[in-house]
Amino acid sequence: QSALTQPPSASGSPGQSVTISCTGSSSDVGGYDSVSWYQQYPGKAPRLMIHEVIKRPSGVPNRFSGSRSGNTASLTVSGLQAEDEADYYCSSTTGTYVIFGGGTKLTVL
Amino acid sequence: QVQLQESGPGLVKPSETLSLTCTVSGYSISSGYFWGWIRQPPGKGLEWIGSTYHGGNTYYNPSLRGRLTISSDTSKNEFSLRLDFVTAADTAVYYCARDLGAGGDSDCWGPGILVTVSS
């Protein structure tokens with residue numbers, strides 16, 4: 001099973017909105033609701049930001065939102081802040097195992 | 001508050017077995033949830049390894065099946081990873097995590113442990 005496709009980089013200025021895409025297939029992203037997004041700072045463990053496509057865990061700012069259209073899931077960060085600069089990974093179940101995207105480095109200009 | 005901590009050797013020789021343990025505090029693994037392993041080679045992305053449910057069911061990455069065993073010990077509130085016949089490609093930071101379901105959605109993570117495969 002191939003990894004999910006994410007853009008290697010994304011950027012935006014403080015206060016702007018940025019959307020990161022995660023493209024799979026009907027066998028993963030488009031077929032199941034177990035789609036998640038993680039934020040990772042260098043040298044740190046990932047942090048769950050979105051699960052089940054659109055759900056935000058307690059403690060995650062509401063500036064982070066998830067959505068899906070067909071086989072592509074998206075993470076939108078609104079009102080960008082300097083602390084949002086990090087790597088972001090999507091993941092999805094295939095029904096029997098989990099696959100990750102290659103990651104997107106978000107830069108706050 | 002749930003906390004997870006990986007432990008095990010930081011250096012393993014090629015063709016030998018990598019064994020890691022994840023000790024969970026603040027929650028009984030027999031009470032529910034899935035418990036999984038994810039790894040990240042230096043400078044690269046995340047790779048899902050597998051997970052186990054307290055009832056004994058296990059789910060493995062097909063690319064590692066045949067070399068991989070994930071098990072749990074509810075009496076010690078820990079779960080373990082065993083990867084046989086390792087090569088340099090298995091060098092990575094290994095994370096253990098609590099999964100909200102069989103589909104991943106890892107909401108609590110350990111800090112990670114770097115395991116290097118080298119002679």
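Here the structure is shown first, and the text comes after it.
Residues numbered from 1 in each chain as written. Chains lettered and ligands numbered in written order. Predicted model: local features only at pLDDT ≥ 70, side-chain atom pairs only at ≥ 80, totals over all residues. Heavy atoms only, no water.

**Quick notes on the state of the cysteines**
All names here are of chain B.
Then, number 1: For the structure on display, the rule yields two disulfides over all chains.
Then, number 2: The disulfide that involves Cys-22 links it to Cys-96, with 2.1 Å between the sulfurs. Note on the Cys-22 and Cys-96 pair: the S-S dihedral is about 60°, so by sign convention the disulfide is right-handed. Note that Cys-22 is positioned in strand β3 (residues 18–25) and Cys-96 in strand β9 (residues 92–101), a separation of 74 residues in sequence. In this pair, the class of Cys-22 matches that of Cys-96, namely buried.
Then, number 3: Free of any disulfide, Cys-108 has its nearest cysteine sulfur in Cys-96, 10 Å distant.
Then, number 4: Judged by relative accessible area, Cys-108 falls into the buried class, the value being 16%. (Disulfide = S-S within 2.5 Å. Helix = DSSP H or I, 4+ residues; strand = E, 2+ residues; numbered from the N terminus. Buried < 20%, exposed > 50% of the residue type's maximum accessible area, 1.4 Å probe, protein only.)

**Some thoughts on the interface of chain B and chain A**
A common way to state how big an interface is: give the accessible area lost once the parts meet.
Then, number 1: At the junction of the two partners, chain B supplies 20 residues and chain A supplies 17 residues.
Then, number 2: Interface area for chain B against chain A, summed over the two sides, is near 1500 Å², with a carbon-plus-sulfur share of 62%.
Then, number 3: For the chain B face of the interface with chain A, the top three residues by lost area are Leu-46, Trp-48 and Asp-105 of chain B, together amounting to 39%.
Then, number 4: Run the count over chain B and chain A and you get zero salt bridges.
Then, number 5: For the side of chain B that touches chain A, the secondary-structure elements that each account for two or more residues are β4 (34–40), β5 (47–53), β6 (58–60), β9 and β10 (104–109) of chain B.
Then, number 6: The greatest single-element share of the side of chain B that touches chain A, amounting to five residues, is contributed by β10 of chain B.
Then, number 7: Of the residues in the side of chain B that touches chain A, the class split is ten nonpolar, six polar and four charged. (Contact = heavy atoms within 4.5 Å. Buried area = accessible area lost by both parts, 1.4 Å probe. Salt bridge = Lys/Arg side-chain N within 4 Å of Asp/Glu carboxyl O. Nonpolar A, V, L, I, M, F, W, Y, C, P; charged D, E, K, R; others polar.)

**Considerations on the sheet that holds strand β5 (residues 64–69) of chain A**
All names here are of chain A.
Then, number 1: Pairing in this open sheet of three strands is antiparallel, and the strands run β2-β6-β5 from one edge to the other. Edge positions in the sheet fall to β2 (18–23) and β5, since each of these pairs with one other strand and no more. Strand-to-strand, the axes of this sheet are offset by a mean angle of 20°, without reference to chain direction.
Then, number 2: Of the pairings in the sheet, the one linking β2 to strand β6 (residues 72–77) comprises six bridges and is antiparallel in character. From the neighbouring strand, Thr-23 faces β6, where its bridge partner is Thr-72. (Pairing = 2+ DSSP bridges. Axes fitted to C-alpha atoms, helices over the stretch in contact; angles between N-to-C directions.)

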